[in-house]
Amino acid sequence: SVAAMEGHSRAAQDSVQPKVSTGIIDRLWIPTTHPFLAERPIEKAPTTFQPAFDQGFSYKDEVVEAKTHPDPRIQLLLNKGGAVTDGLDVNWSHYTKCAVRSEESSRANLQERDMKAIEEHPYTYPRALEMAARSEGYTFLVKCLCELQYLVQMAKSSLTDTVLDTCRLFVQFQSQTGGEADVYQALNTFVSNATIWQEWCDFVDQARDPSLEEVNATATLIEHLEVVWKRYVVFERALCGVDPVGIFSRLNERYVPRCRLPRVETLLRDIFYRRILARPDLKDADMWKDERIRDMRSYFPELQKL
């Protein structure tokens, strides 16, 4: 019969195939209906950002505006008028433009503030704004030169080491990039028009009191020259000192010898002598023998001939 034939064929197959226990089969075969491996329909990503918590969010149709966000970049974007759409797909081009405009605006405001500070500084000098308008680096340099005059005159002190290093690095960078001529021009403009020269000249003139006797007038003149000399030493050390290195000392290494220009200290010394010491009443040789101004005489070759 048919049933007998099917039973005989099954018995033959069982005799050929190896016997495997039910436990091994359960471990080797995983049904497709397993809850972790079952095929599931692909779900489309939601087009609306739906946070799991509601903290300051207001919901709309396709755009969700957030008042606060844990990511500071997104928060800055939201403050600028941006929006969070499609999950966390942020309009970064808008954010970049906002950040660039914000940075440019901040730099422009800082530049404007520094230019105003230079214009209103008590020790500003002619063409200072013209020099400062070249770049942000020149703005900082001119501002420091104005402040240097103030510190030298009021406190007999120089700029801080950090500020001096910053100015020195700017001059070094200009020297390495071919801007040495512009830096030397800025130095020459500053040294030729510095306000501090006229104040020292007026201070020395105050010692010439006609009512004083000749001996007292000479003693007063020596005291005034001593005060001016101490301030000049601090002023020159900041501009072209050796230890520590001055702001413009870098120019003496290659640019000045190559162009045959006066060294920085020579430029300062010549202007100081012409503005302060080149006067007939300061040609008294006996006056320069005083110990308080002996170093001053040895520094200027014109005074050594007296």
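Owing to the predicted nature of the structure, the values given are computational and were not obtained by experimental measurement.

The rules behind these values
Position numbers for residues start from 1 in each chain and track the written sequence from start to end. This being a predicted model, a pLDDT of at least 70 is required before a residue's local features are given, and a value of 80 or more before pairs of side-chain atoms are given or counted; all residues contribute to the totals for chains, interfaces and linings. Hydrogens and waters are ignored; side-chain quantities use all the structure's heavy atoms. Helix numbers and strand numbers start at the N terminus; a helix is a DSSP run of H or I with at least 4 residues, a strand a run of E with at least 2. Whether two residues are in contact is decided by their heavy atoms, any of which lying within 4.5 Å being enough. Only centres within 6.5 Å qualify two rings of Phe, Tyr or Trp (six-membered ring in Trp) as a pair; their planes then separate them into stacked at under 30 degrees, edge-to-face at over 60, and tilted for everything else. Three labels apply to residues, based on accessible area from a 1.4 Å probe with only protein chains included: buried if under 20% of the type maximum, exposed if over 50%, partly exposed otherwise in between. By definition, pLDDT measures how confident the predictor is in each residue, and it falls between 0 and 100. Fitted lines through C-alpha atoms give the axes, limited to the stretch in contact for helices. The angle between two N-to-C directions lies from 0 to 180 degrees. For this classification, under 35 degrees means roughly parallel, over 145 means roughly antiparallel, 65 to 115 means roughly perpendicular, and everything else is oblique. For any pair of crossing helices, the crossing counts as left-handed if the nearer helix is rotated counterclockwise from the farther one by less than a right angle, and right-handed if it is rotated clockwise. Only Asp, Glu, Lys and Arg are considered charged in this grouping, and only Ala, Val, Leu, Ile, Met, Phe, Trp, Tyr, Cys and Pro are considered nonpolar; every other residue, Gly among them, is considered polar.

Novice: Just checking my understanding: could you explain the environment of Gln111 for this structure?
Specialist: Residue placement: Gln111 occurs in helix α4 (residues 92–120). C-alpha of Gln111 to C-alpha of Glu136: the two residues are 25 residues apart in sequence and 7.0 Å apart in space. What Gln111 contacts, discounting residues up to four positions off in sequence, is Ala132, Ser135, Glu136 and Thr139.

Novice: What should I look at first to understand the packing of aromatic side chains in this one?
Specialist: Centre-to-centre distance and the angle between the planes together describe a pair of aromatic rings. One pass over the structure, following the stated rule, counts 18 aromatic pairs. Relative to Phe300, the ring of Tyr273 lies with its centre 6.1 Å away and its plane at 35 degrees, an arrangement referred to as tilted. With Tyr273 in helix α12 (residues 264–277) and Phe300 in the loop between α13 (294–299) and α14 (301–304), this residue pair connects regions lying 27 residues apart in the sequence. Taking the relative accessible area as the measure of exposure, Tyr273 reaches 11% and is therefore buried.

Novice: Can you walk me through the confidence of the model for the protein chain in this structure?
Specialist: For residues with low pLDDT, the predicted coordinates do not support detailed interpretation. This prediction gives the protein chain a mean pLDDT of 75; 62% of its residues lie at or above 70. For the protein chain, per-element mean pLDDT is lowest for strand β1 (residues 57–58), which scores 40, and highest for helix α8 (residues 180–193), which scores 94. Here residues 15–40 is modelled with pLDDT under 50, and outside its nearest four sequence neighbours on either side it reaches six contacts, counting other chains as well.

Novice: Would you take a moment to explain the packing of α8 against α12 for this structure?
Specialist: Between two packed helices, what matters for the description is the angle formed by their axes and the separation of those axes. In the contact formed by α8 and α12, the axes pass within 10 Å of each other and the chain directions differ by 20 degrees. Our classification of the angle between α8 and α12 gives roughly parallel. Crossing handedness for the pair α8 and α12: right-handed. Where α8 abuts α12, its residues Tyr184, Leu187, Asn188, Val191 and Ser192 lie against Val264, Leu267, Leu268, Ile271 and Arg275. Among the residues making up the contact of α8 with α12, the classes are represented as seven nonpolar, two polar and one charged.

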